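Structure assessment
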Amino acid sequence: MEKSPSRWWDLPSAVLLILAMLVSVGRLMVTGWTENLDYVAYLTMAATIVGLALGASRFGKHAVRWLALGYTLVLIPRQLIASYESDIYLGEQLTGIFGRLLFSISEFAANRPVEDALFFIALIGTMYWFIGLTAGYQLARHNNILAAILPAGIVLLVIHQFDYSFQNRIWLIALYLFLTLTLLGRGEYLRNRAAWIERRVHLAPEAGPDLNMGALIGATMLILLAWNLPLNFSSSAVLADKWREITSPLRTTRDRLSQAFAALENKSSRSGYFGNTMPLGNQATRDTTVIFQVQAPPEALELPRVYWRARIYDHYENGIWNTSKA
């Protein structure tokens, strides 16, 4: 690696960051909330690569800002019009896209359901674009690992919270943590190596590979330890009440945003809200949040009884019902 006083470029770190960003946006894609979520993945990849290139370049801050703005104004609209037929005039494609977005914004401002999924694609795609752009720049220019990984990690956790089938996809969080912990170890090694070179400390040829392997092993051990600790905070009524108090603003925001993403409602599975296990005694919610509304067809009046079934638990052991076949 060649480093100047204001540039940090390291290929392994860049690869780890790209993989981490792909895992974060991949958590969005597996939700299946709407079509064309792959557009967001393309934007994330492009943004991360552009950010890395701008960070490693010799351009100053002002030039980087103008270049980033230019890439933003070109690539985001280009990705949004990808669903249009290629034989349609570019001006008509852009007019159609911006017209749909303006109409969606007006619907959202009037607190009416936004039925166009393009609004969601544009919002989440723009957010991931700036996250990837900033992450790549911060890593290549300043070796600021936390600034590079925290935004994408927070978005990943928010998506995980909103996805009702989250229990079968928690391994993506483990993978993201593994990549980011390895990236943190690599970044610390690069900083220490720069300090050692400055102090003219002799480095053995095997020092770098050994430290990198240590970072990989340490990240793996931390993930395995966190995933296997015998903790069950959900069984504590006090902690459950505290969690509901902390997440109350999030639920309020979710209710407000549900109008903006009304087009996604039919794409999510409410049955995933119920996991493969259900402890008894203290898991019932005590708030007044409306979970769902059901409208029975007229034919249902002829039936003796109508049930809403989410999941069947067929095995009971130690106060917990389990589903043998998820």
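Overview of the structure. What you are looking at is a predicted structure, and each value in this text was computed from that prediction instead of being measured.

What to know about the overall build of the protein
- Helix and strand counts for the protein come out as ten helices and three strands.
- Sequence-ordered secondary structure for the protein, helices as α and strands as β, is α-α-α-α-α-α-α-α-α-α-β-β-β.
- Within the protein, the fraction of its 326 residues that count as buried is 34%.
- Taking the intrachain contacts of the protein between residues at least 6 apart in sequence as the baseline, contacts between residues at least 24 apart amount to 75%.
- Total accessible area computed for the protein in this model is approximately 20500 Å², and 63% of it derives from carbon and sulfur atoms.

Considerations on helix 2 (residues 38–56)
- The first and last C-alpha atoms of helix 2 sit 27 Å apart over 19 residues, in line with the 27 Å expected at 1.5 Å per residue.
- Of all the positions in helix 2, only Tyr39, Val40, Ala41, Leu43, Thr44, Ala47, Thr48, Val50, Gly51, Leu52, Leu54 and Gly55 are classed as buried.
- In this structure, the buried residues of helix 2 make contact with helix 1 (11–29), helix 3 (61–80) and helix 5 (117–142).

Digging into the nonpolar core
- If you look at the biggest cluster of nonpolar residues, it comprises 53 residues, and the most contacted ones within it are Leu17, Leu28, Leu80, Phe120 and Tyr128.
- In terms of residue count, the dominant contributor to this core is helix 5 (14 residues).
- Other than its neighbours up to four places away in sequence, Leu80 contacts Ile97, Leu101, Leu118, Ile121 and Ala122.

A few points about the pattern of salt bridges
- By the definition in use, this model includes two salt bridges.
- One salt bridge in this structure joins Arg186 and Asp10, with 2.7 Å as the shortest N-O distance. Taken together, the positions of Arg186 in helix 7 (residues 171–198) and Asp10 in the segment before helix 1 put the pair 176 residues apart, joining distant regions of the chain.
- Residue classification places Arg186 among the buried residues on the basis of a relative accessible area of 12%.
- We note a salt bridge from Arg100 to Asp116, for which the minimum N-O separation is 2.8 Å.

Considering the side chain of Gln138
- Counting through the fold element by element, Gln138 comes out in helix 5.
- Sequence-distant contacts of Gln138, that is, excluding residues within four places in its chain, are made with Asn143, Asn144 and Ala147.

The rules behind each value
Residues numbered from 1 in each chain as written. Predicted model: local features only at pLDDT ≥ 70, side-chain atom pairs only at ≥ 80, totals over all residues. Heavy atoms only, no water. Helix = DSSP H or I, 4+ residues; strand = E, 2+ residues; numbered from the N terminus. Buried < 20%, exposed > 50% of the residue type's maximum accessible area, 1.4 Å probe, protein only. Contact = heavy atoms within 4.5 Å. Areas by Shrake-Rupley, 256 points an atom, 1.4 Å probe, with all protein chains shown as cover. Expected span 1.5 Å × (residues − 1). Core = buried A, V, L, I, M, F, W, Y, C linked by side-chain atoms within 4.5 Å. Salt bridge = Lys/Arg side-chain N within 4 Å of Asp/Glu carboxyl O.

Functional significance is not addressed by these values, which are geometric in nature.
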